[in-house]
Amino acid sequence: MKDEGKTKGQLIGEMVGERQRIAELKKSAAPPIEGERGAGIDIGPGVLEILDALPFYVLLVDAGHHILLANKAVGRDLGLDPEDIISGYCPKVVNELDEPFYGRPLEEAAEKGHAIKREFFDPRRGRWMQSGVYPMGLRTQDGREVFLHMSRDITERKRMDEERASSEERLRILFEFAPNAYCLSDLKGTLIDSNRAAEEITGYSRDELVGKNFLQLRLLPVSQIPKAKALLARNALGQPTGPDEFTLTRKEGTQVQIEIRTLPVKIEGKTLVLVIARDITGRKRSEEELQESEARYRDLFENAHDMIQSVALDGHFIFANRAWLETLGYTEADLPNLNLFEIIAPESLPHCQEMFAKVMAGECVKNVEATFVAKDGRRIQVEGNATVRRIGDKVVATQGIFNDITERKRAQEQLKDYSEKLEAMVEERTRELEDAHKKLVQAEKFATIGELAGSVAHELRNPQAAVKAATYFLRMKLAEAADDKVTKHLDILDKEVDACDEIIRRLLGFSEPGKPEFEKVDIDQVVLKAVQTTTPPQNVEISTSLEGNLRPVMADAGQLERVLSSMITNSLQAMPDGGKLSLSTSQKDSFIEVRVADSGVGILAENLNKVFEPLFTTKAKGVGLGLALAKRLIERQGGAIEVESQVGKGTTFTVKLPVASEEVGDP
């Protein structure tokens, strides 16, 4: 029964089909038969099947509203068998009414002799219905006049009509109150409709506009009529146009500048033109005033040495002086296609956008720096001020005056580089002076200690010799008469005298190390000799890892052996509980390295810088001259000693000596 989901075209198609079927009923010339549901009506064969196939109510009733025939759609909708409603009172059966419904259409159809249609709302079922009563020109066997009564559910159509009406109302409001002038015309320029803005811009009322051709109204000057006709011709081809500028003559004769766009539209199958017009008189006036103002200052700006620019609010250039063009390599012809933000280097863009926003807010930005990109890609660094240009209270453009500071920046960068290099040179020279001062102080310290050591050594030499001679004399005199206790103490005297002799020897060696006698030396052989002359404690394991085939060094072999022996002794003393001592050789770049590594107690971090100072020692019986003398001897031969240590893990001394030059011959 319902028309839900059907389009307007489908509904119209059904109505046409309905009329065709009615015509078939009227023209049926077949022999009459009494139908089983016909209640005495003569109907042709197949007619009942046609009625049952219809999706809406079809009833045959007499003038007293009694049902003579009902199709199956009635039974389906009412939930009854069509046979059960024959002879029933139609208003009661269909609408549960005791009286004929809504204006008595059957009586009106009988009186007027033509179809009567009604639309009504059925509150019982909550739906809109369309009902039609048609005189059939037929009678029952007992002479009663027969009427065709059809009803269909038009709820969906009603809803669509209401939505369409609502949509049309909304569109009408939008059209009517749009800020721009809207006019609807045919392809010849005759106006069909217009809105309030069109009345305001033309000075004519809607009644004066509608039905008139724009030529009749003389809205445009004669010179612009061909242009307007050309736009209509394009609209006829289905093409939109615009924006195009025209001069519109108002009803009272004044003229305004307008911008027009046109759109071809289809309304009820007919091509019309929607004309949208906007008053741009104020904008054009502002542009003209701006151009006039710019012209007054152009000569002044053209001859200025500063880079001067004027930029529209959208970023496009209005003006740039000769200095600006020459600096960036552009021409006057390039300006219309240039945008301010396109010539700013990417690294300057965020800062410039921030400054532009400040300028647009009315702030005068001073001493702003930026990098422009020239036409050939060069980076031009500029500095200057920017502000806005106003006409009245309206901001119309931004203005900037800049200086090319590329060379100044380059000079600053060079000065910065020179300053940094000078600072580095000063720092280097300061370090050299500090090193020289340290070496001088150390040399003076060594000299003073050397003099003292030599003096002390010579002073101790004679008493030490006397003690040694006395010990020897007592040992000879007592000979076999001496008991074990006496012999033990004589041995102690000999041992301590020898220890004193070693101290005296070191003191003399420190004070008079002797000038090194340079020769080509095989460092591996020196290491082996130093190891062979060493007698380690039983709980210390000595190992060597010699590179072999190392290039010789120019050094004093005796002094090198003395240094290595001193370092080996120092390492052995650092392992009172035993451990491992390893000696290795290798070549790195132009130096031969000797590494002496022990697994002893290690050296505290705060003492690492002191181990090579004279008289510094952490040993109970040490004098503190061994490593100081070793460093002194190695440095006199062009080498160096380095130390690394971890407490509890051991210490590694590295001796570095320069490789002998190939040009140096054998001694």
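Every value quoted in this text rests on a predicted model; they were computed, and no experiment measured them. (Residues numbered from 1 in each chain as written. Predicted model: local features only at pLDDT ≥ 70, side-chain atom pairs only at ≥ 80, totals over all residues. Heavy atoms only, no water.)

## Structural notes on the side chain of T534
By secondary structure assignment, the location of T534 is in the loop between helix 16 (523-532) and strand 19 (540-545). From its side chain, T534 meets the backbone oxygen of A530 in a polar contact 2.8 Å long. Excluding its chain neighbours within four sequence positions, the residues that come into contact with T534 are I568 and L572. (Helix = DSSP H or I, 4+ residues; strand = E, 2+ residues; numbered from the N terminus. Polar contact = N/O pair within 3.5 Å; in protein donor to acceptor, adjacent residues only side chain to side chain. Contact = heavy atoms within 4.5 Å.)

## As for the sheet that holds strand 22 (residues 591-598)
Taken in spatial order, the five strands line up as 19-21-22-24-23 in an open sheet, and their pairing is mixed. Two strands close off the open sheet at either side, each with one partner strand: strand 19 and strand 23 (640-646). Direction aside, neighbouring strands of the sheet carry axes that sit 15° apart on average. Bridge count for strand 19 against strand 21 (residues 579-588) is six bridges, and the pairing is parallel. Looking across to strand 21, one finds that T544 is bridged to L583. (Pairing = 2+ DSSP bridges. Axes fitted to C-alpha atoms, helices over the stretch in contact; angles between N-to-C directions.)

## So, helix 10 (residues 225-236)
Relative to the 16 Å expected for 12 residues at 1.5 Å per residue, helix 10 spans 17 Å between its end C-alpha atoms, a close match to the ideal helical length. All of the buried residues in helix 10 are I225, A228, L231, L232 and N235. Buried residues along helix 10 cover an arc of 120° about the axis, so they all sit on one side. Looking at the buried side of helix 10, the elements it contacts are helix 9 (214-217), strand 10 (241-249), strand 11 (255-267) and strand 12 (270-279). In the stretch just after helix 10, G238 is the one whose phi turns positive, near 85°. (Expected span 1.5 Å × (residues − 1). Buried < 20%, exposed > 50% of the residue type's maximum accessible area, 1.4 Å probe, protein only. Arc of directions from axis to C-beta.)

## A few points about the packing of helix 17 (residues 557-573) against helix 18 (residues 626-636)
Close contact between helix 17 and helix 18 brings their axes to 9 Å; oriented N to C, the two are set at 150°. Relative to helix 18, the element helix 17 is oriented roughly antiparallel. Viewed along their axes, helix 17 and helix 18 form a crossing whose handedness is left-handed. Listed contacts from helix 18 to Q559, L560, R562, V563, S566, M567 and N570 of helix 17 are G626, L627, L629, A630, L633 and I634. Among the residues making up the contact of helix 17 with helix 18, the classes are represented as eight nonpolar, four polar and one charged. (Parallel < 35°, antiparallel > 145°, perpendicular 65-115°, else oblique. Left-handed = near helix turned anticlockwise from the far one by under 90°. Nonpolar A, V, L, I, M, F, W, Y, C, P; charged D, E, K, R; others polar.)

## With respect to the nonpolar core
Counting 36 residues, the largest nonpolar core has L560 and L581 as its most contacted members. Elements with a contribution of two residues or more to this core: helix 16, strand 20 (553-555), helix 17, strand 21, strand 22, helix 18, strand 23 and strand 24 (650-658). With six residues, the top contributor of residues to this core is helix 17. Not counting chain neighbours up to four residues away, the residues in contact with L560 comprise V521, I523, V526, V553, A555, I634, Q637 and L657. The next biggest cluster of nonpolar side chains, apart from the first, holds 28 residues, and it includes M355, V368, A386 and V395. (Core = buried A, V, L, I, M, F, W, Y, C linked by side-chain atoms within 4.5 Å.)

## Structural notes on the side chain of H65
Turning to its location among the elements, H65 is positioned in the loop between strand 3 (57-62) and strand 4 (67-70). Setting aside residues up to four positions removed in sequence, H65 forms contacts with G88, Y89, C90, P91, P100, L106 and E107.

## Remarks on the sheet that holds strand 17 (residues 394-404)
Read from one edge of the open sheet, five strands run 14-13-17-16-15, paired in antiparallel fashion. A single partner strand is all that each edge strand has here, and the edge strands are strand 14 (317-320) and strand 15 (365-373). In this sheet, adjacent strand axes meet at a mean angle of 30° when their direction is disregarded. Running at roughly 20° to strand 14, helix 11 (residues 281-302) makes contact with strand 13 (307-312), strand 14, strand 16 (379-391) and strand 17 of the sheet. Together, strand 15, strand 16 and strand 17 form the strand contacts of helix 13 (residues 349-360), whose direction differs from that of strand 15 by roughly 140°.

## Some details on a nonpolar patch on the surface
Residues F473, L474, L478 and V486 make up a contiguous nonpolar surface patch of about 320 Å² in total accessible area. Among the elements that line the nonpolar patch, the one with the most residues is helix 14 (residues 406-478), at three residues. Among the structural elements, F473 can be located in helix 14. (Patch = residues over 30% accessible without salt bridge, like charges linked within 9 Å, V, L, I, M, F, W, Y side chains within 5 Å. Areas by Shrake-Rupley, 256 points an atom, 1.4 Å probe, with all protein chains shown as cover. Salt bridge = Lys/Arg side-chain N within 4 Å of Asp/Glu carboxyl O.)

## Describing the environment of R389
Summarising the element assignment, R389 is placed in strand 16. Along the chain, R389 and G362 lie 27 residues apart, while their C-alpha atoms are 9.4 Å from each other. In this structure, R389 is in contact with L290, S293, E294, K394, V395, V396, A397, T398 and Q399, ignoring residues within four places of it in sequence.

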